[in-house]
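Here are the chains, one letter per residue:
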Amino acid sequence: MRRLEYVATTAAQGFWRNPVMSLASTFTIGLMLLLFAFFLATDRGLQAAVGVLESKVELALFLEDDARVSDVLDLRTRIEADPAVSRVDYVTKEQAMARLVDIAAKRPDIQIVDTSENPLQASLEVKLAHAQDAPRVTAALREEIGKGVVSDVVDNPQVVDKLLTITRVLSFGGLAVLAMMLIVALFVIVNTIRIAVHARRDEIEIMKLVGATDWFVRWPFILEGMLVGALGAVAATAVVLVAAGPVMNAMVSFIEILPLSFGTTFVWQLVGSVFALALAVGGGGAMLSVRAHLAK
Amino acid sequence: MKRSAVPKLRRRVGVVFQDFKLLPRKTVAENVGFALLVTGHSGEEAREETDRALALVGLSPRRGHFPDQLSGGEKQRTAIARALVSRPKILIADEPTGNLDPVTSWEIIKLLVRVNELGTTLVMATHNAEIVNALRRRVVHLDHGMVVRDEREGQYAA
C-alpha cells in the first residue's frame, strides 16, 4: 500500500514537475489517438458499406421464353452448388411483370398502358456471398448463353470493385499514417520520461545504491507514461464524442445509401481500443526510456 | 552474477561517499528512511530503524533539518546513518573524510570505529595518512588497481 502510494505520488510529481513537456506529449498522444479513432470509425463505416453493397450484388440470368422448366430448375441446382452463391431466385415472366407494375405505381413518370402482352423475360436472380467472386461466377454463367436456356447474363459489380479498392487504399494509407503517428508519439513520450528520469537521477542513483530493484525504479516512470497516455485518451475520446454526432449526420446526408450509424457496442470498443493503445504507448515509451537510463 | 541479484546484495552492504549523496529536498530522517522505503519495508519499520540509526550517529535532534542546514560532519553522519539503517554486514566508506576539516574528520572516524566495534565490518578507502597511522588496523595498499601491500597493523606509505 505504502509502495503504491509512493509510485503514484512520484508519477504525479514527475508529470507536474515539467508541465510543458507533459502537456506537449499528452497533446501528441491525444492527436495520434484521435487519428486512430477516426481510422477505426472510417474502416468500420467502409466495411459496413461494402457489406451492404455486397449483399446487393446480383447477377441476372435472363431465360429464353421457350426454355423447358426442367432445364431451368436443373441449371438453378447447378448454380446453387457453387459455394460463392448465397441464393438463387426464379422470377417468372408473370412475376417480372408484377414487379414492373409495382414500380410504375410508385412513379408517376412511368405509365403502363397495355398489359395484355408480356415482353419481359423470366430470369434467375443469383445472389453472391462475396463481391470478389462476381467476375468468376459471371464468366462461368456466360458459358450457358446459347445452349437453349440462358439468353443473357447481366451483372454490375463495378461499384463494389471500386469500393473494395477504396477500402484497401484507405486501410493501407490509414495504417501508414497511424504507424508514423505512433512513432512520433512514442518518441515524444520517451523524451518526456527521459526528462523526468533526468530530474530524478540523484534519487535513482541512491535508490540503486541502497538496493532498490530495477522494477521499483521503473514503476513510477511507467505510471507517469501511462498517465500521459490516459490523459491523451481522455482528450481524444472527448473530441470524438463531441464531434461524432455532427460528423455522422454530415456523412449520412452525404452518402444516403449507407447505414452509417454505429451501435453503442462499437463506441465502447472504440473507446476501449483508444485507451488500450494510449496506455500501451505511454507505458511502453516510458519503459524504453528508463531502460536506456538503467542500462548505463 | 545476474543483474537481478545485485539489488539484494546491495541491501547487505552500506556505502558512504566523499560527497555524501543526500537528497536536498528530503529531511535528515527522510534521507535515512528512504533506504528502507525503496527496498520494500513498511513505513513503521522505516521509522523505527531510522530512529535507531540517527541515535547511533547522534543526529536525533537534527532529524527534521534539510541537508542545506547541516554542517559537513552532520551531512556525513546522515549518510552513515542511511548506510547503517538496513543493518548491513559490511560498511564501505569511500574517502568519507575527503570533504571535511581535520577536527570533523576525526569525529567521523571515531563514529566509524564505534560502528565497527558494534559488529560491522568496515572497509575504508582514504588518502589521509594521519588517520591510517593512528588507527593501526589492517591496511591494504593499492597501486593502480593492484594490491602491493597487506599488513595486519599497517602504516600509511606514500
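Only a predicted model underlies this, so the values are computations on that prediction, with no experimental measurement involved.

Asks: Please explain the confidence of the model for chain A as it appears in this structure.
Replies: Note: predicted coordinates in regions of low pLDDT should not be interpreted at a detailed level. Here chain A shows a mean pLDDT of 81. Residues at 70 or above account for 89%. The secondary structure element of chain A with the lowest average pLDDT is helix α1 (residues 2–17) of chain A, at 79, and the one with the highest is helix α7 (residues 201–209) of chain A, at 89.

Asks: Help me understand the packing of helix α2 (residues 28–37) of chain B against helix α4 (residues 72–84) of chain B in this model?
Replies: Helices that pack against each other are described as a pair by the angle of their axes relative to one another and the distance between those axes. All names here are of chain B. α4 packs onto α2 with a crossing angle of 30° between their chain directions and a minimal axis gap of 7 Å. The angle between α2 and α4 places the two elements in the roughly parallel class. Crossing angle aside, the handedness with which α2 passes α4 is right-handed. Side by side, α2 and α4 meet where V28, N31, V32 and A35 of the first sit next to T78, A81 and R82 of the second. Residue composition of the contact of α2 with α4, grouped by class: four nonpolar, two polar and one charged.

Asks: What exactly am I supposed to notice about the interface of chain B and chain A here?
Replies: Frequently, the measure chosen for interface size is the accessible area removed from exposure when the parts meet. The partner chain A presents 13 residues to the 15 residues of chain B that form the contact. Broken down by secondary-structure element, the contributors of at least two residues to the side of chain B that touches chain A are α1 (6–10) and α2 of chain B. Split into classes, the residues belonging to the side of chain B that touches chain A amount to six nonpolar, five polar and four charged.

Asks: Is there a simple way to think about the packing of α4(B) against helix α5 (residues 102–117) of chain B in this case?
Replies: Residue and element names in this part refer to chain B. Between α4 and α5, the least distance of the axes is 9 Å, while the angle of their chain directions is 20°. Classified by the angle between their axes, α4 and α5 sit roughly parallel to one another. α4 and α5 meet at a crossing whose hand is right-handed. Where α4 approaches α5, its residues G72, G73, Q76, R77, I80 and L84 are matched on the opposing element by T104, E107, I108, L111 and V115. Class assignment for the residues of the contact of α4 with α5 results in five nonpolar, four polar and two charged.

Calculation criteria
Residues numbered from 1 in each chain as written. Chains lettered and ligands numbered in written order. Predicted model: local features only at pLDDT ≥ 70, side-chain atom pairs only at ≥ 80, totals over all residues. pLDDT = per-residue confidence, 0-100. Helix = DSSP H or I, 4+ residues; strand = E, 2+ residues; numbered from the N terminus. Axes fitted to C-alpha atoms, helices over the stretch in contact; angles between N-to-C directions. Parallel < 35°, antiparallel > 145°, perpendicular 65-115°, else oblique. Left-handed = near helix turned anticlockwise from the far one by under 90°. Contact = placed C-beta atoms within 7 Å. Nonpolar A, V, L, I, M, F, W, Y, C, P; charged D, E, K, R; others polar.

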